[in-house]
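Reading the structure
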Amino acid sequence: MFSAAVDRLRKHGNYSTAAAIDQEPINPSVSINYTQLLIDGKFVPAVSGKTFPTLDPRTEDVIAHVAEGEAEDVNLAVAAARKAFDEGPWPRMTAYERSRIMLRFADLLEKHNDAIAELETWDNGKPYEQAAKIEIPMVVRLFRYYAGWADKIHGLTVPADGPHHVQTLHEPIGVAGQIIPWNFPLLMYAWKLGPALACGNTIILKTAEQTPLSAMFASKLLYEAGLPQGVLNVISGYGPTAGAALASHMDVDKLAFTGSTETGKIVLELAARSNLKPVTLELGGKSPFIVCEDADVDQAVELAHFALFFNQGQCCCAGSRTYVHESVYDEFVEKAKARALRRIVGDPFKNGIEQGPQIDTEQFEKILGYIRSGVESGATLETGGDRLGSKGYYVQPTVFSNVKDDMLIAKDEIFGPVQSILKFRDLDEVIKRANSTRYGLAAGVFTQNIDTANTLTRALRVGTVWINCFDVFDAAIPFGGYKMSGQGREKGIYGLNNYLQIKAVVTPIKKASWL
Ligand SMILES: NC(=O)c1ccc[n+]([C@@H]2O[C@H](COP(=O)([O-])OP(=O)(O)OC[C@H]3O[C@@H](n4cnc5c(N)ncnc54)[C@H](O)[C@@H]3O)[C@@H](O)[C@H]2O)c1
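Report on the accompanying structure. Computed from a predicted structure; not experimentally measured. (Residues numbered from 1 in each chain as written. Predicted model: local features only at pLDDT ≥ 70, side-chain atom pairs only at ≥ 80, totals over all residues. Heavy atoms only, no water.)

**Considering the overall build of the protein**
The following threshold applies: Where helices and strands are cited, they refer to DSSP runs of H or I of at least four residues and of E of at least two residues respectively, numbered from the N terminus. Buried residues are those whose accessible area, probed at 1.4 Å on protein chains only, stays under 20% of the maximum for their type, while exposed residues exceed 50% and partly exposed ones sit between those limits. Contacts: residue pairs with any heavy atoms within 4.5 Å of one another. To be clear on the numbers: accessible area is Shrake-Rupley with a 1.4 Å probe, and residue cover counts the displayed protein chains and nothing else. In this tally Asp and Glu are treated as negative and Lys and Arg as positive; neither His nor the chain ends contributes. By convention, the charge on Lys lies at NZ, on Arg at CZ, on Asp at CG and on Glu at CD.
Scanning the protein from terminus to terminus reveals 16 helices and 20 strands. Principal axes of the C-alpha set define a box for the protein whose edges measure 75 × 60 × 40 Å. Taking all 515 residues of the protein together, 58% fall into the buried category. Long-range pairs, those at least 24 residues apart, make up 75% of the contacts in the protein with a sequence separation of at least 6. Per element, the accessible surface of the protein, about 20500 Å² overall, is 53% carbon and sulfur. Positive and negative side-chain charges in the protein, numbering 52 and 60 respectively, have mean positions lying 5 Å apart.

**Observations regarding the site of the ligand**
Basically, it comes down to this: Definition of nearness: a residue and a molecule or strand are near each other if at least one heavy atom of the residue lies within 4 Å of the molecule or strand. N or O atoms within 3.5 Å of each other form a polar contact, as long as, within protein, one can give a hydrogen and the other can take it, and as long as residues adjacent in sequence are counted only when both atoms are side-chain atoms. Lys, Arg, Asp and Glu make up the charged group, whereas Ala, Val, Leu, Ile, Met, Phe, Trp, Tyr, Cys and Pro make up the nonpolar group; the residues left over, Gly among them, are polar.
As a structural note, the neighbourhood of the ligand is formed by 28 residues, with W182, E209, L283, K366 and E413 the closest of them. Within the backbone of G239, an N or O atom sits 3.3 Å from an oxygen atom of the ligand. T263 is positioned with one of its side-chain polar atoms (N or O) 2.9 Å from an oxygen atom of the ligand. Only α8 (239-247), β10 (254-258), α9 (261-273) and α12 (361-376) provide two or more residues apiece to the shell around the ligand. With 4 residues, α8 is the largest single contributor of residues to the shell around the ligand. Its residues placed into classes, the shell around the ligand shows 13 nonpolar, 10 polar and 5 charged.

**Quick look at the side chain of K192**
When you line up the elements, K192 lands in helix α6 (residues 185-198). Relative accessible area serves as the criterion here: at 0%, K192 is assigned to the buried category. Here E490 takes part through its side chain, which lies 2.6 Å from a polar atom of the side chain of K192. Apart from the residues within four sequence positions on either side, K192 is in contact with Q178, I179, I180, L205, A256, F257, T258, E490 and Y499.

**Some words on the packing of α6 against helix α7 (residues 213-224)**
Each pair of packed helices can be summarised by the angle the axes make with each other and by the distance between the axes. The condition is simple: Here an angle of 0 to 180 degrees is reported between the N-to-C directions of two axes, which are lines fitted to C-alpha atoms, with helices fitted over the stretch in contact. By definition, any crossing whose near helix is turned counterclockwise from its far helix by less than a right angle is left-handed, and any crossing with a clockwise turn is right-handed.
Direction vectors running N to C along α6 and α7 enclose 35°, while the axes themselves pass 10 Å from each other. For the pair α6 and α7, the sense of crossing is right-handed. Contacts between α6 and α7 involve P185, L186, Y189, L193 and L197 on the former and, on the latter, S214, A215, A218, S219 and L222.

**Details of the sheet that holds strand β12 (residues 288-291)**
Operational definition: Two strands are counted as paired when DSSP detects at least two bridges linking them.
Strands sit in the order β14-β15-β16-β13-β12-β17-β18 across an open sheet of 7 strands; the sheet is mixed. Only two strands of the sheet have a single partner each, and these edge strands are β14 (380-383) and β18 (464-467). Taken pair by pair, the neighbouring strands of this sheet meet at an average axis angle of 25°, ignoring direction. For strand β15 (residues 398-401) and strand β16 (residues 418-424), the ladder comprises 3 bridges, and the chain directions are parallel. Looking at β16, one finds that V399 is bridged to Q419.

**Focus: helix α2 (residues 71-86)**
Rules: Here the expected span of a helix is defined as 1.5 Å times the quantity of residues minus one.
The terminal C-alpha atoms of α2, which comprises 16 residues, lie 22 Å apart, in line with the 22 Å expected from a rise of 1.5 Å per residue. For α2, every residue scored as buried is listed here: D73, V74, A77, V78, A80, A81, R82, A84 and F85. Each element contacted by the buried residues of α2 is listed here: β1 (37-39), β6 (164-172), β7 (175-179), β8 (202-206), β9 (232-235) and α8.

**Let's talk about the environment of G226**
Along the chain, G226 falls in the loop between α7 and β9. Taking relative accessible area as the criterion, G226 reaches 36% and is therefore assigned partly exposed. Taking C-alpha positions, G226 is 47 Å from A340, a pair spaced 114 residues apart along the chain.

**Looking at the nonpolar core**
Selection rule: Nine residue types can take part in a nonpolar core, namely buried Ala, Val, Leu, Ile, Met, Phe, Trp, Tyr and Cys, and a core is a set of them joined through side-chain atoms within 4.5 Å.
Ranked by internal contacts, the top residues of the largest apolar core, which has 103 residues, are F143, Y189, L197, L232 and F332. Among the elements that line this core, the one with the most residues is helix α5 (residues 128-149), at 14 residues. Discounting residues that sit within four places of it in the chain, L197 has contacts with W90, R98, M102, F143, I203, L222, L227 and V231. Judged by nonpolar contacts, the second largest core, of 28 residues, contains V395, F400, I409 and A443.

**Details of the side chain of S320**
In this fold, S320 is placed in the loop between α10 (297-309) and β13 (321-325). What makes S320 buried here is its relative accessible area of 9%. Those residues within four positions of S320 in sequence are excluded, and the remaining contacts are K286, S287, L308 and S420.

**Observations regarding α7**
With 12 residues, α7 ought to run about 16 Å at 1.5 Å a step, and its terminal C-alpha atoms sit 17 Å apart, in line with that. Of all 12 residues that make up α7, 10 are buried, and the element is covered over most of its length. Taken residue by residue, α7 has L213, S214, A215, M216, F217, A218, S219, L221, L222 and Y223 as its buried positions. Backbone geometry just after α7 places G226 at a positive phi near 115°.

**Here we look at the pairing of β12**
The condition is simple: The handedness of a crossover follows from its direction of travel: if, with the strands pointing away from the viewer, the path from the first strand over the helix to the second runs clockwise, the crossover is right-handed.
Burial along β12 is two-sided: the residues P288 and I290 and F289 and V291 are all buried. Alignment of β12 against β13, held across 4 bridges, turns out to be parallel. When the bridges of β13 are listed, I290 appears paired with Y323. Assessed by its sense of winding, the connection that carries the chain from β12 through α10 to β13 is right-handed. Where β12 and strand β17 (residues 442-446) come together, 3 bridges link them in parallel fashion. From the neighbouring strand, I290 faces β17, where its bridge partner is V445.

So, to be careful, I would describe these as geometric facts and stop short of saying anything about function.
Put into structure tokens, the structure is as follows:
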């Protein structure tokens, strides 16, 4: 659960003053041991010999050069995964044995928690305390959760008409291709791998080009835990080359993708044009956070702040349209501005830091562009609005008030620390406005009135509604989007369906007296 854990961190931090950006970055102690592709259980260079740099978002310095996988490497990885599925022990061993390997993996991840968290912070820029105390423990929990499912995947007996015994077998879908983004590198790795492994599939996973390091480290541990050769293959590389090769591969049986809506459309088309592999998509969002007239304003301000600014604003479900009832609007804006001014931005390796740098120069420039567009379109810039410091991708926590629905900052996914506060008068109006978007990933509702909560819960066209909370993620809770926020659900029991084929088996009953 992000929110509860962040509360705990907050109690131990000093959040009373804004900190300056450190000029001297803290040196992480972890060493980078794995920078090659993981194919058929071995680390290997790319066929082309090419590498690409992965950068430290605090300094823009190179952390390491990583193998650049392309179509030929994807072919080798798919061949290894195919062989492991068609001939290897993984889909054939008992579900209990699979589950034990996954549990051993979770233990190893736990043992190396701090080293993995360092890699995550170094490569991504997220606060180390967040990675070490929240995200890596969530990864561990998710593998234990799906290890628990491995031996509980049941088929049915079906009461069909006529003298037939009918049963369904729930079988692994086969070779799964998985493409993940950079905002929660190892957590997205876990959401993808957990259910796929529990069901007995083999995998080729492509990491995001911005954050290749933690997945390589973790995958080494998975083999140490006893994973048979070729079951997991990890490719670092770029989207249009390695990612596209995976999405369009004829021998990949299923594709799971998390990233932008634009790329989601591309991979869906590649999957359709190649072998019609089924696709699950977890895409972008522009989630409303609705503060009703009965809200405790101080609590609402704190939660809305968390809903937007968590992870540098780089969450697909960020509460990026803060709708506030007119009766509490002015007070809310004043306090939201004060909260943003208190936000501590700095070297993410330092204790007590709430916000590190954005992921890369592209996102950094994009965010500053949206801030300029907010000012130009007439929204009121309450605080922030610029970069912070002179190096790295740090952005000032930014708050806009008087935002209108048709402004770009209210329509597009900014993916940065930019809060947009809009005013509303009544429930019917805010429902209409909240739903009037191409996205439908999540919503936050802040009210003490159960009837208001019930109405909004049912009226909002989104995959998750958080009532008086936000970003509560748990391995058992399904997550996914309506509309252009995605297709299908990950996590929980629903996540298993993405990785199963259902086979109907029909046998005649010769003596039909006991139908
Ligand atoms: N929903 C989410 O969790 C999420 C996560 C990250 C980014 N985003 C959104 O995406 C925007 C851009 O971020 P991004 O550039 O990392 O997203 P992206 O969609 O470009 O990248 C996500 C993954 O897809 C791969 N990819 C890119 N082009 C591909 C292609 N043609 N074929 C196959 N794979 C391809 C990338 O290499 C990466 O692994 C963000 O501003 C944000 O709006 C959403």
